[in-house]
Amino acid sequence: MKSGGATTGTTERKAVGLLAEHSAVTQSFGFLALVAVAYVLLGLGVENSPPSSCEGCSALSAGAREWQVWKVVAATGQAAALALLVGGGVKLYQFQRDEKPYDDGVAGKVRGYAIAAAGFVLGVIVLIGQIVSEKRAWATGLEPMDQRLGAVAAIGVACAFPWVALTWLVHRSTGLVRPASDDDVDQGITRLLVVWDAIMACALAFAVFVVIALLPTGALRNLWISQDLADTDDDAKKLAESFPTTDVLLYGAFFALLVAVLVIPMLLSWRAAARRLVDRAYPINKANSADKTQVENRSQLESVLNLDVTLIRNPLAVLSILTPLVTATLAAFLPELGK
């Protein structure tokens, strides 16, 4: 006869196994639940009915549709940021595990880099707070909007810290790839291919972070200019001028610079390590420059290590630079085009 503890343990293992078997379904429903929770939280404090002392007043002195659009976009962004936070933690653990066989200290520095990355994103949060420190006179029913926006920005940026740590760890790992023998070359190829997967994950994660930062900003501007605060056309013009499209574009340029500072040095470090490995495996000199087999083998290895594409034409570099700029442009001008 099984004991209660054994039965409970078996039930828990079956539940965990079931979740693992249907992980894609679980993740999809989990993401949807996060969006719903964020949507509800973002609406806290907003008046759902007009003040009893004000006849003919609306509950929300701004466009109801614009308010709902901003909440949906911001809630989706917050859910995506939290999902990336979990994914970044998993990726950090996997990277630590993959680096352990090389015994050169990288795996043991994950915690230190994670702490440093947390400090870095905290500095970015403070910097963004200083850049957008202007207090806006939001419409009746939307307060406390400034605090709501501050929380959204802080959560979105804070969730990026494991990816920042992974970027620095990749940079350090590639710097240690200096093959001195044929065995080192084989080991280096394996290591660099694993690192390349981490680089791709970092670049894509930062692209998503940029999108979920800029799209709510565009929706926020649309909400701002929908407010019923203007009595005349001049007042409406001043309202639009106080939150111009250039603010969204400059926000995008700021993120483009930030992502470039993180991603481009990582790509350069990886390419330098890959180039060292290729030069060690198939050196080109006067003696073998005419050897077609040597040249072909070298070209094949360069292709495997993605050295056959220049940095300027590298999709990850292009993605890192263009994503913030294109997203900012769309976020700034699409709401106006739809009017």
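Quick caveat, the model's predicted, so the values are computed rather than measured. (Residues numbered from 1 in each chain as written. Predicted model: local features only at pLDDT ≥ 70, side-chain atom pairs only at ≥ 80, totals over all residues. Heavy atoms only, no water.)

Right, let's get into the overall build of the protein chain. Summing up its helical and strand segments, the protein chain has eleven helices and zero strands in all. For the protein chain, the α and β elements follow one another from N to C terminus as α-α-α-α-α-α-α-α-α-α-α. Here the protein chain holds 339 residues, and 39% of them are scored as buried. Taking contacts inside the protein chain between residues at least 6 apart in sequence as the whole, the part at least 24 apart equals 83%. For the protein chain, the exposed surface amounts to about 18,500 Å²; the carbon and sulfur share of it is 63%. (Helix = DSSP H or I, 4+ residues; strand = E, 2+ residues; numbered from the N terminus. Buried < 20%, exposed > 50% of the residue type's maximum accessible area, 1.4 Å probe, protein only. Contact = heavy atoms within 4.5 Å. Areas by Shrake-Rupley, 256 points an atom, 1.4 Å probe, with all protein chains shown as cover.)

Locating I284 in the fold gives a position in the loop between α9 (245-281) and α10 (292-304). Overall, I284 belongs to the partly exposed group, its relative accessible area being 42%.

This brings us to the confidence of the model for the protein chain. Summing up the model confidence of the protein chain, the mean pLDDT is 77 and the portion of residues at 70 or higher is 73%. Taken as a whole, residues 1-6 scores under 50 in pLDDT and shows one contact with residues more than four places along the chain or in a different chain. (pLDDT = per-residue confidence, 0-100.)

Another aspect to go through is the packing of helix α3 (residues 64-99) against helix α7 (residues 182-225). Packing of α3 against α7 brings their axes to within 9 Å, and their N-to-C directions diverge by 165°. In this view, α3 runs roughly antiparallel relative to α7, as classed from their interaxial angle. As α3 packs across α7, the resulting crossing turns out to be left-handed. Its residues assigned to classes, the contact of α3 with α7 comprises 22 nonpolar, two polar and six charged. (Axes fitted to C-alpha atoms, helices over the stretch in contact; angles between N-to-C directions. Parallel < 35°, antiparallel > 145°, perpendicular 65-115°, else oblique. Left-handed = near helix turned anticlockwise from the far one by under 90°. Nonpolar A, V, L, I, M, F, W, Y, C, P; charged D, E, K, R; others polar.)

Right, let's get into helix α6 (residues 161-175). Compared with the 21 Å implied by 1.5 Å per residue over 15 residues, the 22 Å span of α6 between its first and last C-alpha is a close match. Among the residues of α6, P162, W163, V164, A165, L166, T167, L169, V170, S173 and T174 are the ones counted as buried. Packing partners of the buried residues in α6 comprise α3, α4 (110-131), α7 and α9. (Expected span 1.5 Å × (residues − 1).)

Within the secondary structure, P324 sits in helix α11 (residues 315-337). For P324, a relative accessible area of 1% translates into the label buried. It is 5.8 Å that separates the C-alpha atoms of P324 and V210, two residues lying 114 residues apart in sequence.

On to the packing of aromatic side chains, then. Taken as a whole, this structure holds four aromatic pairs when the rule is applied. Aromatic side chains W196 and W270 sit 4.7 Å apart centroid to centroid with 45° between the ring planes, which places their arrangement in the tilted category. With W196 in helix α7 and W270 in helix α9, the pair connects residues that are 74 residues apart, well separated along the chain. In terms of burial, W196 and W270 fall into one category: buried. A cation sits over an aromatic face here: K71 above Y39, 4.2 Å from the ring centre. (Phe/Tyr/Trp six-rings, centres within 6.5 Å; stacked < 30°, edge-to-face > 60°. Lys NZ or Arg CZ within 6 Å of the ring centre and 35° of its normal.)

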